[in-house]
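Structural characterization, general
Residues per chain are reported as follows:
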Amino acid sequence: MAISCCQSTPIPRVSSLSEKDFHDLYFVPAKPVIITDATEDWPARHWTVDSLVERVGDNEVWVRGKTNVEDYRVGKAYSIRRDTFSKYCQDLTKGNARARSSYLAVASMQQAFPQLLSDVPLPTYLRDYGKLHLGPYMWVALKGHYEFCHFDPDDNFLVMIRGRKQVRLFGTDLSSLYPNPLGSHGKTVQSQVNCDSPDLEKFPNFANAKCQYCTLQPGEMLFIPAFFWHQVNALDTGISLNMFYGDPGENSFISKMFHPPYQEHFFYWFLNIMEQNKAHTSFPKILSRLPEVVKHFFLKQWHETPTIEQVDRVVQLAMDHFKIDTLPSPILGEGKFPPVLKIRGLLHRDENKTK
């Protein structure tokens, strides 16, 4: 649970928390919290693996493979396969070798399980003081699964439906968590540290990390602030849900990214995506129209429009990183829209696959 080499403290639990108190006491100051009674009326609370197989067993899902090796634990590589939900759950129930190396992760309810959407209402905390970015998503894990430590570019509610998960948070601390090099695949940024067995000779600064931890119980909802490192272990075979969201409004979420505690991780995340695109043929066009590219990128990611000053700041960040004094002349294509800054490797992190 706690990590002996780090300063570790439990994540607080609260109940009967008003929407305003959550917003003022936890969301705005970016303080993780477990809300114990936020999902009592959710139909999803009655789910079991067997009942879901009866309802959506024939639905097709993406399943990660090679999840029980060290490369997965440090966020470097995994394979992906298409399967039916029932076949994945058959392996899960048997606990066989394939189950021990597989994980049903980030399964979009809209795409994979539309029949179940009405079972998962938006939390009032998100509905009244937030804006959904992506989700909800379903996660179904075998007991003992270790999910690599990473951070996401959105605020996050993690809800335990069946079973328990151990969750460890490390705030926004690049130097102690050793992110994978810029240009690593995926939307998240992953840590090189195996939190269950940290190598302090290789990663000595991890001893300076501050860990907040909990065992998330069925029905509990954990708030994970945007860009916070988090690492999750499945203590039981179980089901969880999550929703990525942010501030309401047209510019509020982007604006807070330029201030502590988010800014350092936000900048690293953006440069990671720029580096993902560096080797692709579209990169010269991206650089030539970078202000437009940045504006469209954030509009797509967070449904918000950055100000001219915010665009300029991110453009200067990229120019400093790539050591260029001026942007090249715009390379105009056939369409009116600028080239897309793509997040590479959303599905695959296996060898050279970069879909």
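Our structure's up above, just so we're on the same page.
These remarks concern the structure in this document. None of these values were measured; they are calculated from a predicted model.

For the structure shown, the criterion picks out 33 aromatic pairs. Centre to centre, the rings of Y72 and F148 are 5.1 Å apart; their planes meet at 65°, and the pair counts as edge-to-face. With Y72 in helix α3 (residues 70–73) and F148 in strand β8 (residues 146–151), this pair connects stretches of sequence that are 76 residues apart. In terms of burial, Y72 and F148 fall into one category: buried. Taken together, a centroid distance of 5.8 Å and an interplanar angle of 40° make the contact between W269 and F297 tilted. Of this pair, W269 sits in helix α10 (residues 263–277) while F297 sits in helix α12 (residues 290–302), and the two are 28 residues apart along the sequence. For W269, a relative accessible area of 0% gives the class buried. Each residue in the set F151, F227, W229, F253, F258, F266, F267, W269, F270, F297, F298 and W302 is aromatic and connected to the rest through ring pairs, giving one cluster.

This part covers the pattern of salt bridges. Summed over the entire model, instances satisfying the criterion amount to 15 salt bridges. A salt bridge links R82 to E60, with the nearest nitrogen and oxygen atoms 3.4 Å apart. Taken together, the residues span a long stretch of sequence, with R82 in strand β5 (residues 79–84) and E60 in strand β4 (residues 60–65) at a distance of 22 residues. Between R168 and D196 there is a salt bridge, with its nearest N and O atoms 2.4 Å apart. Remark: D196 occurs in the loop between β11 (189–190) and β12 (210–216) and R168 occurs in strand β10 (residues 165–171); sequence separation between them is 28 residues. Take R168: its relative accessible area is 3%, and that puts it in the buried class. The exposure class of D196 is partly exposed, given its relative accessible area of 40%. In the salt-bridge network here, residues are joined through shared partners; they are R81, D83, D91 and R98.

Reading guide: rules and limits
- Residues numbered from 1 in each chain as written.
- Predicted model: local features only at pLDDT ≥ 70, side-chain atom pairs only at ≥ 80, totals over all residues.
- Heavy atoms only, no water.
- Phe/Tyr/Trp six-rings, centres within 6.5 Å; stacked < 30°, edge-to-face > 60°.
- Helix = DSSP H or I, 4+ residues; strand = E, 2+ residues; numbered from the N terminus.
- Buried < 20%, exposed > 50% of the residue type's maximum accessible area, 1.4 Å probe, protein only.
- Salt bridge = Lys/Arg side-chain N within 4 Å of Asp/Glu carboxyl O.

Honestly, that's just the spatial picture; any functional story needs more than this.
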